Amino acid sequence: MPNLYLQRAFTALLTLCLLTTTVAGKTKKVQNALFAKTVVKNDAKIYRGDSSVVTVYAYSLMPFGSVQTPAKAPKLKGCHVRRLPQRGQRQSITYLDGRPYYTVVCGQYMVGSSKNGKYKFPKVKVNAVVMEEKEEDRNRRDPFFGPFSDFFRQPEYNHIKQSATSPATPFEVVSPPRKSSEQLRHEGKMLI
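On a predicted model such as this, the values are computed, not experimentally measured, just so you know.

Q: Sorry if this is basic, but what is going on with the overall build of the protein here?
A: Regarding its fold elements, the protein presents four helices and eleven strands. The buried share of the protein, taken over its 192 residues, is 26%. Accessible area for the protein stands at about 14500 Å²; split by element, carbon and sulfur atoms hold 55% of it.

Printed below as a string of structure tokens:
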């Protein structure tokens, strides 16, 4: 009698597990896997009369196929902004809150001003193509390669277009630090 109850409980549990996995497999959707962030170096402070690099990063849960930002530099009242040329977009992995994200630099700008004050670097739209690995229908073991079939496997990807916008990022233009008497003497200035 106890074996009959155990068999029924096991069968019910197995059926429940199979139902949840098939339902979960059919409702699999691509979640919002892309977001962007703007970073201003030196604690978001730029010295008056000098310039600093502002970098826009794109983060995704899936690898990037391509990433694009507008070709023109954004306009910022009271500051001069120049877009820096992009070489190659190399991906890296960054951990945020213990979760790995593919990261790529998608835009860099040189920003400077001749007036002190608080400014906001404008929002930048990022268009990206992320790659989701396709599920395979074949056997896990290939008889030709044997136990090394995963090593020689070439995965195929679905290319998914996504877009995100980096938030407006505040920064401050401050007076440059005073120079020491040693620095002034080195520049040839006369000290009184």
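The rest of the description comes next.
Q: Would you explain the confidence of the model for the protein in this entry?
A: Detailed reading of the predicted coordinates is not advisable wherever pLDDT falls low. Taken over all residues, the pLDDT of the protein has a mean of 80, while the share at 70 or more is 73%. When pLDDT is averaged over each helix and strand of the protein, the minimum, 54, is found for helix α1 (residues 2-26) and the maximum, 94, for strand β8 (residues 117-121). Here residues 21-30 scores under 50 on pLDDT; set against residues more than four positions off or in separate chains, the count is six contacts.

Q: Looking at this model, I keep getting lost on the sheet that holds strand β2 (residues 45-47). Mind explaining?
A: Pairing between the strands of a sheet is mediated by backbone hydrogen bonds and can be parallel or antiparallel. Reading across the sheet, the three strands line up as β2-β11-β8 and stay open at both edges, with mixed pairing between neighbours. Edge positions in the sheet fall to β2 and β8, since each of these pairs with one other strand and no more. Recorded for the sheet is a direction-independent mean angle of 30° between the axes of neighbouring strands. With five bridges joining them, β8 and strand β11 (residues 169-174) adopt antiparallel strand pairing. The residue of β11 that forms the bridge with Y119 is F171.

Q: What is the right way to read the pattern of salt bridges from this model?
A: A side chain of one charge can pair with a side chain of the opposite charge when the charged atoms of the two come close. Scanning all chains against the criterion turns up one salt bridge. With its nearest N and O atoms 3.5 Å apart, the salt bridge here joins R185 to E182. Placement of the pair is R185 and E182 together in helix α4 (residues 181-186), with a separation of three residues, close to one helical turn. Its relative accessible area of 52% is what places E182 among the exposed residues.

Q: Would you mind showing me how to read the sheet that holds strand β10 (residues 157-166) here?
A: Taking strand neighbours across the sheet as the criterion, the three strands line up as β4-β9-β10 in an open arrangement whose pairing is antiparallel. Of all the strands in the sheet, just β4 (64-68) and β10 have a single pairing partner and so form its edges. Between one strand axis and the next, the sheet turns by 15° as a mean value, whatever way the strands run. In this structure, strand β9 (residues 124-133) lies alongside β10, joined through ten bridges in antiparallel fashion. Directly across from N127, in β10, lies its bridge partner S163.

Q: Just checking my understanding: could you explain the packing of aromatic side chains for this structure?
A: We describe a pair of aromatic rings using the distance from one ring centre to the other and the angle between the two ring planes. On inspection of all chains with the given rule, the structure shows five aromatic pairs. Aromatic pair Y57 and Y59: ring centres 6.5 Å apart, planes at 40°, arrangement tilted. Between Y119 and F171 the ring centres are 5.7 Å apart and the planes differ by 25°, which places this aromatic pair in the stacked class. Of this pair, Y119 sits in strand β8 while F171 is found in strand β11, placing the two residues 52 residues apart along the sequence. Comparing Y119 with F171, the two get one shared label, buried. An aromatic cluster is defined as three or more aromatic residues linked by ring pairs; in this entry it consists of F35, Y57, Y59 and Y101.

Q: Quick question: what am I supposed to make of the environment of V174 here?
A: Relative to the helices and strands, V174 is located in strand β11. The spacing of V174 and G117 is 57 residues in sequence and 6.9 Å in space, taken between C-alpha atoms. What V174 contacts, discounting residues up to four positions off in sequence, is K45, I46, Y47, R48 and N116.

Q: Can you walk me through unusual backbone geometry in this structure?
A: Trans peptide bonds make up most of the peptide bonds, and negative phi angles are found at most residues other than glycine. The phi dihedral of A44 falls on the positive side, at around 60°, and the residue is not glycine. Position of A44 among the secondary structure elements: in helix α2 (residues 41-44). Its identity as a non-glycine residue notwithstanding, D97 has a phi of 55°, on the positive side. Topologically, D97 is positioned in the loop between β6 (92-96) and β7 (99-112).

Cut-offs and rules
Residues numbered from 1 in each chain as written. Predicted model: local features only at pLDDT ≥ 70, side-chain atom pairs only at ≥ 80, totals over all residues. Heavy atoms only, no water. Helix = DSSP H or I, 4+ residues; strand = E, 2+ residues; numbered from the N terminus. Buried < 20%, exposed > 50% of the residue type's maximum accessible area, 1.4 Å probe, protein only. Areas by Shrake-Rupley, 256 points an atom, 1.4 Å probe, with all protein chains shown as cover. pLDDT = per-residue confidence, 0-100. Contact = heavy atoms within 4.5 Å. Pairing = 2+ DSSP bridges. Axes fitted to C-alpha atoms, helices over the stretch in contact; angles between N-to-C directions. Salt bridge = Lys/Arg side-chain N within 4 Å of Asp/Glu carboxyl O. Phe/Tyr/Trp six-rings, centres within 6.5 Å; stacked < 30°, edge-to-face > 60°.

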